[in-house]
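Coordinates in review
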Amino acid sequence: MKILVINAGSSSLKYQLIDMDTQLVVAKGLAERIGMDTGKLTHKYGRDCEEKFVVDTCFKDHTSAIQLVLEALVDKDHGVIADVKEIGAVGHRVLHGGDKFTASCIVDDACKKAIRDCFPLGPLHNPANLQGILACEAVMPGTPQVAVFDTAFHQTMPPEAYMYGIPMEYYKKYAIRRYGFHGTSHRFVSGRAIEILKANGKKADKIVICHLGNGSSLSAVVNGKCVDTSMGLTPLEGVLMGTRSGSLDPAVVECIANNEHMTVTETLNVLNKKSGLLGISGASSDMRDVNKAAEEGNKDAQLALDMWAYGIRKYIGAYAAAMGGIDALIFTAGIGENDAAGRAKVCEGLSFLGIEIDEAKNKVRGEEACISKDGAPVQVWVIPTNEELAIALDTLALTEGK
Ligand code: AMP
């Protein structure tokens, strides 16, 4: 069976067609500038999706974007399937499931209503995610669809981890609490970690997952269940990221807003889009560029790297304390999988917890590998994440036989 995985944004739509027999991506692409005068579809296919087919067009809405994606998938020169009916189901990434979704679910009227009910919690993403779902319903009626929520894995957190110390009425009236994000990745990677560690005869009860990419988050996972995570009501909370500040004193918002004559929304935009590695280094939000700038002597870039690693190290310590110990530490996502120096820096000084990285083993990039010293008490691993495959696997599990 083939499953189409969709990640719909407000003006773009990413997709992957995955063959579930081989678990390989047979085609993937991006529809950009939906709803604008000019749009573009970039469709990739063939071995390792290295062939490219680009269409310049105008997407009136998400429905016309999905329509063109399906046309590309069956195109006689660039397509990968003979008929759209070969797509057995569609899996959608949905940002916010609030406290309504603890797992993925088949899209029905109740599911769509619940996604709508979460609009206030994910005002930029949830409406776009729902548009993606409605577009697929319109263009491929009868094909089962599944919604996979970025927040669902974190719903096992206990109240002491998810509540903020604000008046209870705001939680009751507005559902203001920590939700956490990247849940599909944390679930996929922690599940794989438990499998690997057990197969190697190692303990896997208490794990910290470091999802370190452009957006970054950590989670504490006890017996396969999330007990704490670093992102909060929105993805702004937690560690320093590519363009996000991560946690800070909320009074900073008022201070910036007053001094710069900005609204709260404008200030939050700065904290989301112009801060983090970019804001501190002044060079870039991309870790590779920041590394390069630091190597070339840019002191602010070096400070950004120091802040990045220090903040992550503090979370690891906090989660070890929260879990009463740590059996394994896992690195994943763009930086976590590829940046050996970044991983080493994060783990500096953590030997008191039993975390010791082996320099030679740590040279690994983008593949599953143990990087801790032989005999170190804590297993440290690199485990590549694959959110699209995780979405496809959930979609398959929920739709098989339907
Ligand atoms: P993601 O959001 O998971 O796609 O990760 C994107 C981040 O991974 C960017 O900051 C990239 O600079 C970073 N990244 C990718 N490859 C490398 C690498 N070889 N070394 C350091 N950072 C990398």
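What this report covers is the structure whose coordinates are included nearby. What you see is a predicted model, and the numbers here were worked out from it, not measured in a lab.

**Side note on the side chain of Ser-281**
Along the polypeptide, Ser-281 turns up in helix H9 (residues 276-281). Of note is the side chain of Ser-281, whose polar atom sits 2.7 Å from the backbone oxygen of Leu-277. In this structure the side chain of Ser-281 is engaged in a polar contact, spanning 2.9 Å, whose partner is the backbone nitrogen of Ala-283. Not counting the four nearest positions on each side in its chain, Ser-281 is found in contact with Val-290, Asn-298, Asp-300, Ala-301 and Ala-304.

**Some details on the nonpolar core**
Nonpolar side chains tend to gather and get buried jointly when the protein is soluble and globular. In this structure, Leu-218, Trp-308, Ile-316 and Leu-329 are the most contacted members of the largest nonpolar core, which totals 38 residues. Of all the secondary structure elements, the ones that give two or more residues to this core are strand S9 (206-212), strand S10 (216-222), helix H10 (287-295), helix H11 (299-323), strand S12 (328-332), helix H13 (340-347) and strand S14 (379-382). Of all the elements, H11 adds the most residues to this core, at 11 residues.

**What to know about the sheet that holds strand S3 (residues 24-32)**
The 8 strands are arranged S5-S4-S3-S2-S1-S6-S8-S7 in an open sheet whose pairing can be described as mixed. Looking at strand neighbours, the two that pair on one side only are strand S5 (51-57) and strand S7 (105-106), the edges of this open sheet. Pairing analysis gives 5 bridges linking strand S6 (residues 87-94) to strand S8 (residues 145-149), with the strands arranged parallel. Bridge pairing links Val-94 to Phe-149 in S8. Across the sheet, helix H3 (residues 126-139) touches strand S1 (2-8), S6 and S8, and the angle it forms with S6 is around 165°. Helix H14 (residues 387-399) rests against S1, strand S2 (13-19), S6, S7 and S8 of the sheet, and its axis sits at about 125° to S6.

**Looking at the pairing of S5**
The sheet contact formed by strand S4 (residues 39-45) and S5 spans 7 bridges and is antiparallel. Residue Lys-40 lies in a different strand from S5, and its bridge partner there is Asp-56. Connecting S4 to the next strand, S5, in antiparallel fashion are 5 residues, including Gly-46 with a positive phi near 85°.

**Here's the deal with unusual backbone geometry**
In the Ramachandran plot, Cys-49 falls in the positive-phi region, its phi being about 55° despite a non-glycine side chain. Here Cys-49 shows up in the loop between S4 and S5. Within the chain, Ala-333 stands out as a residue other than glycine whose phi angle is a positive 75°. Following the sequence through the fold, Ala-333 ends up in helix H12 (residues 333-338).

**Brief notes about the sheet that holds S9**
Pairing in this open sheet of 6 strands is mixed, and the strands run S11-S10-S9-S12-S14-S13 from one edge to the other. At either margin of the open sheet sits one strand with a lone partner, and together these are strand S11 (225-229) and strand S13 (369-370). Bridging between S10 and S11 involves 4 bridges; their strand directions are antiparallel. Residue Val-222 lies in a different strand from S11, and its bridge partner there is Lys-225. Taken strand by strand, helix H6 (residues 183-199) contacts S9, S10, S12 and S14, and its axis lies near 135° from that of S9.

**Here we look at the environment of Arg-343**
Tracing the backbone through its elements, the reader meets Arg-343 in helix H13. Accessibility expressed as a relative area gives 1% for Arg-343, which makes it buried. Sequence separation between Arg-343 and Phe-331 is 12 residues, and the spatial gap between their C-alpha atoms is 7.6 Å. Setting aside its immediate chain neighbours within four residues, Arg-343 contacts Phe-331, Gly-336, Glu-337, Asn-338, Ile-357, Asn-362, Val-364, Ile-371 and Val-382.

**Quick notes on H14**
The terminal C-alpha atoms of H14 lie 18 Å apart, and with 13 residues this matches the ideal 18 Å at 1.5 Å per residue to within 8%. Of all the positions in H14, only Glu-387, Leu-389, Ala-390, Ile-391, Ala-392, Asp-394, Thr-395, Leu-396 and Thr-399 are classed as buried.

**Description of a positive patch on the surface**
A cluster of basic side chains, namely Lys-28, Lys-40, Lys-44 and Lys-52, defines a positive patch on the protein surface. Within the secondary structure, Lys-28 is located in strand S3.

**Describing the layout of surface pockets**
Looking at the second largest pocket, its volume works out to about 330 Å³. Around the second largest pocket, the lining is made up of 14 residues, and of these Asp-286, Met-287, Arg-288, Gly-334 and Ile-335 lie nearest the centre. Among the elements of the structure, H10 and H12 are those that each provide at least two residues to the lining of the second largest pocket. Grouping the amino acids of the lining of the second largest pocket by side-chain chemistry returns 3 nonpolar, 7 polar and 4 charged.

**Here's the deal with the site of the ligand**
Near the ligand, the surroundings consist of Gly-213, Asn-214, Asp-286, Met-287, Arg-288, Ala-333, Gly-334, Ile-335, Asn-338, Asp-339 and Arg-365. Within the backbone of Met-287, an N or O atom sits 3.0 Å from an oxygen atom of the ligand. Here Ile-335 contributes a backbone N or O atom positioned 3.3 Å from an oxygen atom of the ligand. Starting from 500 Å² of accessible surface for the ligand in isolation, the protein chains cover 74%.

**Concerning the pattern of salt bridges**
Taken as a whole, this structure holds 19 salt bridges when the rule is applied. A salt bridge links Lys-112 to Asp-109, with the shortest nitrogen-to-oxygen separation between them at 3.7 Å. Here Asp-109 and Lys-112 lie together in helix H2 (residues 109-117), a separation of 3 residues that amounts to about one turn. With a relative accessible area of 11%, Lys-112 lands in the buried category. The partner of Glu-296 in a salt bridge is Lys-292, with the nearest N and O atoms 3.2 Å apart. Overlapping salt bridges, with partners in common, bring together Arg-93, Asp-150 and Glu-387 in one network.

Procedures and definitions
Residues numbered from 1 in each chain as written. Predicted model: local features only at pLDDT ≥ 70, side-chain atom pairs only at ≥ 80, totals over all residues. Heavy atoms only, no water. Helix = DSSP H or I, 4+ residues; strand = E, 2+ residues; numbered from the N terminus. Polar contact = N/O pair within 3.5 Å; in protein donor to acceptor, adjacent residues only side chain to side chain. Contact = heavy atoms within 4.5 Å. Core = buried A, V, L, I, M, F, W, Y, C linked by side-chain atoms within 4.5 Å. Buried < 20%, exposed > 50% of the residue type's maximum accessible area, 1.4 Å probe, protein only. Pairing = 2+ DSSP bridges. Axes fitted to C-alpha atoms, helices over the stretch in contact; angles between N-to-C directions. Expected span 1.5 Å × (residues − 1). Patch = residues over 30% accessible without salt bridge, like charges linked within 9 Å, V, L, I, M, F, W, Y side chains within 5 Å. Areas by Shrake-Rupley, 256 points an atom, 1.4 Å probe, with all protein chains shown as cover. Salt bridge = Lys/Arg side-chain N within 4 Å of Asp/Glu carboxyl O. Lys, Arg positive; Asp, Glu negative; His and termini not counted. Charge placed at Lys NZ, Arg CZ, Asp CG, Glu CD. 1 Å grid on protein atoms, 1.4 Å probe; cavity = no way out; pocket = protein on both sides within 12 Å on 5 of 7 lines; lining within 4 Å. Points joined across faces, edges and corners; volume = space filled by probe spheres on them. Nonpolar A, V, L, I, M, F, W, Y, C, P; charged D, E, K, R; others polar. Near = heavy atom within 4 Å.

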